[in-house]
Amino acid sequence: MTLEQQLIERINSLTPTHLEVINESAGHGGYFPGKESHFKVIVVSEAFQGLRLVQRHQKIYAVAAELMSPDKIHALAIHAYIPIEWQGQAPASPDCSHAPKN
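Residues numbered from 1 in each chain as written. Predicted model: local features only at pLDDT ≥ 70, side-chain atom pairs only at ≥ 80, totals over all residues. Heavy atoms only, no water.

As recorded in an unreviewed UniProt entry, the protein goes by the name BolA protein, listed as coming from Acinetobacter beijerinckii CIP 110307. A UniProt comment under Sequence similarities (unreviewed entry) is attached to the protein, and it reads "Belongs to the BolA/IbaG family." (UniProt positions renumbered as here; feature names shortened; annotations may be inferred.)

**Student:** Account for the overall build of the protein, with residues named and values stated.
**Tutor:** Of the regular secondary structure elements, the protein holds two helices and three strands. Its helices and strands in sequence order give the protein the pattern α-β-β-α-β, from N to C terminus. Taking all 102 residues of the protein together, the buried fraction comes to 35%. For the protein, contacts bridging at least 24 residues in sequence account for 65% of all contacts bridging at least 6. A total accessible area of about 6,200 Å² is found for the protein, and carbon and sulfur atoms account for 54% of it. (Helix = DSSP H or I, 4+ residues; strand = E, 2+ residues; numbered from the N terminus. Buried < 20%, exposed > 50% of the residue type's maximum accessible area, 1.4 Å probe, protein only. Contact = heavy atoms within 4.5 Å. Areas by Shrake-Rupley, 256 points an atom, 1.4 Å probe, with all protein chains shown as cover.)

**Student:** Could you give me a rundown of the packing of aromatic side chains, with the residues and numbers involved?
**Tutor:** Throughout the structure, instances matching the rule amount to one aromatic pair. Here the aromatic rings of Y81 and W86 are separated by 5.1 Å at their centres, their planes lie at 50°, and the arrangement is tilted. (Phe/Tyr/Trp six-rings, centres within 6.5 Å; stacked < 30°, edge-to-face > 60°.)

**Student:** So what's going on with helix α1 (residues 3-11)? Which residues, and what values?
**Tutor:** Within the sequence span of α1, burial applies to L3, Q6, L7, R10 and I11. Viewed along the axis of α1, the buried residues span an arc of 130°, placing them on a single side of the element. Considering only its buried residues, α1 is in contact with β1 (18-23), β2 (38-44), α2 (53-64) and β3 (75-81). (Arc of directions from axis to C-beta.)

**Student:** Go over the sheet that holds β2, please, and point to the residues and values.
**Tutor:** Pairing in this open sheet of three strands is mixed, and the strands run β1-β2-β3 from one edge to the other. Two strands bound the open sheet, and with one partner strand each, they are β1 and β3. Adjacent strand axes in the sheet meet at a mean angle of 10°, parallel and antiparallel pairs treated alike. Bridge count for β1 against β2 is six bridges, and the pairing is antiparallel. (Pairing = 2+ DSSP bridges. Axes fitted to C-alpha atoms, helices over the stretch in contact; angles between N-to-C directions.)

**Student:** Residue-level account of the packing of α1 against α2, with values.
**Tutor:** Helices that pack against each other are described as a pair by the angle of their axes relative to one another and the distance between those axes. Between α1 and α2, the shortest axis-to-axis distance is 9 Å and the interhelical angle comes to 120°. Judged by the inter-axis angle, α1 sits oblique to α2. Of the two elements, α1 crosses α2, and the hand of that crossing is right-handed. Across the interface between the two elements, L7, R10 and I11 from α1 touch I60, V63 and A64 from α2. Within the contact of α1 with α2, the residues separate by chemical class into five nonpolar, no polar and one charged. (Parallel < 35°, antiparallel > 145°, perpendicular 65-115°, else oblique. Left-handed = near helix turned anticlockwise from the far one by under 90°. Nonpolar A, V, L, I, M, F, W, Y, C, P; charged D, E, K, R; others polar.)

**Student:** Provide a residue-level description of the pattern of salt bridges, including the pertinent values.
**Tutor:** Any two side chains of opposite charge can pair, so long as their charged atoms come close to each other. The tally for this structure, following the rule as stated, stands at two salt bridges. Where E66 meets R10, a salt bridge forms, and the shortest distance between an N and an O atom there is 2.4 Å. Of this pair, E66 sits in the loop between α2 and β3 while R10 sits in helix α1, placing them 56 residues apart in sequence. Among the residues examined, E66 registers a relative accessible area of 55% and is labelled exposed. Accessibility expressed as a relative area gives 17% for R10, which makes it buried. (Salt bridge = Lys/Arg side-chain N within 4 Å of Asp/Glu carboxyl O.)

Have a look at this one:
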């Protein structure tokens, strides 16, 4: 099972109404085909109701804890919303300063 699939499986434990897991590894230094190191997650869930942003992130990190290490997931961008906040689009990720140059 890929890291992306494992991440999806773990985040699904929060019963999201919307979930996107995007592998952004290709935009970072040291990329090679198949590399899984940088991810962006967009999660909409009632599980975040009443939680501050940092608490929402802690909830995501708690379910993904065993996947978070330099030899697995190096970076995880988190966009966590409750359904009433979700506008259908998360902010774009910034360019990495170590991204491969074309």
